[in-house]
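Close look at the chain arrangement
Chain by chain, the residues:
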Amino acid sequence: FPVLRLRGLHKTYQLGTHRVPALRGVNLDVLPGEMLALTGPSGSGKSTLLNLAGLIDQADAGDIDFHGQSVQGLSEAALTLLRRESIGFIFQSFNLVPVMTVADNVDFPLFLAGVPLAERQARVAQALDGVGLAEFAHHRPDALSGGQRQRVAVARALVKRPRLVIADEPTASLDSHTAEQVLDLMRERCHAEGAAFLIATHDHRVVRRCDRVITLLDGQIADRAEESLVA
Ligand code: ADP
Ligand code: ADP
């Protein structure tokens, strides 16, 4: 089944006395091994959708199935567990811990998930190998270029073999050439590991490399078939 199945999602923020609708009835299936671009103007609801899909925030109405399991009614603790085990995150500004080595940054999600040490070491080595950074394992992030840092973040997102990777503007801090390299790597890892990637982006280089494109407009998915043809 789909990694993620979203049905009728609604989300409204309360801002003082104003109610700000952010999502207005979003339906979406995300399939294993699929790289999906989420585009749309600023304020269209992309971040809100990523937060719901990443089990960081909860919808006001609608259903979210994660790999066939409804997340409605799960406790905060159960959601955290599911998130730690099954979802990887990649951010615009990398969000690496500066005082930790590259290897320790990649290890961190495994540590949080309680994976035994020997297995952690093997998986960190494999993940760094997969992004071509094995020889940087014991460096600090600030010794690396922006592209290398984002590759560390890709390794960190994939090290627990998540079903879903959520990326928020992953190329926004990278120059054009580096962005393309990081994207090709993400695409390769996505297809090799069968994880689904959900990528919010304004970057046409990202959109072009994705398998499918979804556009949000005013909190709804715009049905524009020609967008998909770009990919
Ligand atoms: P992006 O467009 O890069 O996703 P953000 O998600 O940070 O940027 O913000 C998107 C929109 O949501 C902006 O218009 C911002 O003003 C608004 N916003 C974000 N957080 C809040 C908040 N806590 N209160 C009010 N508006 C917010
Ligand atoms: P995008 O990521 O596409 O820029 P967002 O999901 O951040 O869109 O925002 C969707 C709408 O919700 C916008 O109108 C934004 O201003 C509003 N919004 C987002 N976060 C908050 C918040 N924490 N409080 C109030 N309004 C918010």
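The structure contained in this document is the topic of the report that follows. (Residues numbered from 1 in each chain as written. Chains lettered and ligands numbered in written order. Predicted model: local features only at pLDDT ≥ 70, side-chain atom pairs only at ≥ 80, totals over all residues. Heavy atoms only, no water.)

In sheet architecture, strand pairing relies on hydrogen bonds along the backbone and comes in two forms, parallel and antiparallel. Ordered in space as 2-1-4-5, the four strands form an open sheet in which the pairing is antiparallel. Among the strands making up the open sheet, the edge pair consists of strand 2 (18–30) and strand 5 (69–70). Pairing geometry for strand 1 (residues 4–15) and strand 4 (residues 61–66), over five bridges, is antiparallel. Bridge assignment links Arg5 to a residue of strand 4, and that residue is Asp65. Against the sheet, helix 1 (residues 46–53) engages strand 1, strand 2 and strand 4, with an angle of about 120 degrees to strand 1. (Pairing = 2+ DSSP bridges. Helix = DSSP H or I, 4+ residues; strand = E, 2+ residues; numbered from the N terminus. Contact = heavy atoms within 4.5 Å. Axes fitted to C-alpha atoms, helices over the stretch in contact; angles between N-to-C directions.)

To continue, consider the sheet that holds strand 10 (residues 220–222). Taken in spatial order, the six strands of this open sheet run 6-7-8-3-9-10, and their pairing is mixed. Of all the strands in the sheet, the pair left with one neighbour each is strand 6 (87–90) and strand 10. With strand direction ignored, the average angle separating the axes of adjacent strands in the sheet is 25 degrees. Summarising the sheet, strand 7 (residues 164–168) and strand 8 (residues 196–200) pair through five bridges and their orientation is parallel. Residue pairing in the sheet places Ala167 in a bridge with Ile199 of strand 8.

A few words on the site of ligand 1. Around ligand 1, the structure places Leu15, Ser42 and Ser47. At 3.2 Å, a side-chain N or O of Ser42 approaches an oxygen atom of ligand 1. Protein contacts shield 27% of the accessible area of ligand 1, which totals 550 Å² for the unbound molecule. (Near = heavy atom within 4 Å. Polar contact = N/O pair within 3.5 Å; in protein donor to acceptor, adjacent residues only side chain to side chain. Areas by Shrake-Rupley, 256 points an atom, 1.4 Å probe, with all protein chains shown as cover.)

A few words now on the pattern of salt bridges. Inspection of the entire model under this criterion finds 12 salt bridges. Between Glu119 and Arg123 there is a salt bridge; the shortest N-O distance is 2.6 Å. Here the residue Glu119 and the residue Arg123 both occupy positions in helix 4 (residues 117–130), the gap between them amounting to four residues, near one helical turn. By relative accessible area, which is 36% here, Glu119 ends up partly exposed. Arg123 gets classed as buried once you look at its relative accessible area, which sits at 11%. Notably, a salt bridge pairs Asp203 with Arg205, separated by 2.4 Å at the nearest N-O pair. Residue Asp203 is classed as buried on the basis of its relative accessible area, which comes to 10%. Overlapping salt bridges bring together Arg5, Arg7 and Asp29 as one network. (Salt bridge = Lys/Arg side-chain N within 4 Å of Asp/Glu carboxyl O. Buried < 20%, exposed > 50% of the residue type's maximum accessible area, 1.4 Å probe, protein only.)

Each aromatic ring pair is described using two quantities: the centre-to-centre distance and the angle formed by the ring planes. Taken as a whole and assessed by the stated rule, the structure comprises two aromatic pairs. With a centroid separation of 6.4 Å and 15 degrees between ring planes, the pair formed by Phe89 and Phe91 is classed as stacked. Phe89 sits in the buried class, given a relative accessible area of 18%. For Phe91, a relative accessible area of 32% corresponds to the partly exposed category. Taking the centre distance of 6.2 Å and the plane angle of 15 degrees together, the rings of Phe108 and Phe111 count as stacked. In this pair, Phe108 and Phe111 both sit in helix 3 (residues 102–112), three residues apart, roughly one turn of the helix. A residue is classified by how much of its surface remains accessible, and Phe108, at 36% relative accessible area, is partly exposed. (Phe/Tyr/Trp six-rings, centres within 6.5 Å; stacked < 30°, edge-to-face > 60°.)

Around ligand 2, a shell composed of Tyr13, Leu15, Val20, Ala22, Pro41, Ser42, Gly43, Ser44, Gly45, Lys46, Ser47 and Thr48 is seen. In the environment of ligand 2, an oxygen atom lies 2.6 Å from a nitrogen or oxygen atom belonging to the backbone of Gly43. In the environment of ligand 2, an oxygen atom lies 2.7 Å from a nitrogen or oxygen atom belonging to the side chain of Ser47. Burial of ligand 2 by the protein amounts to 65% of the accessible area it has alone, namely 560 Å². Here the shell around ligand 2 gets three residues from one element, more than from any other, and that element is helix 1. Residues belonging to the shell around ligand 2 are distributed by class as follows: five nonpolar, six polar and one charged. (Nonpolar A, V, L, I, M, F, W, Y, C, P; charged D, E, K, R; others polar.)

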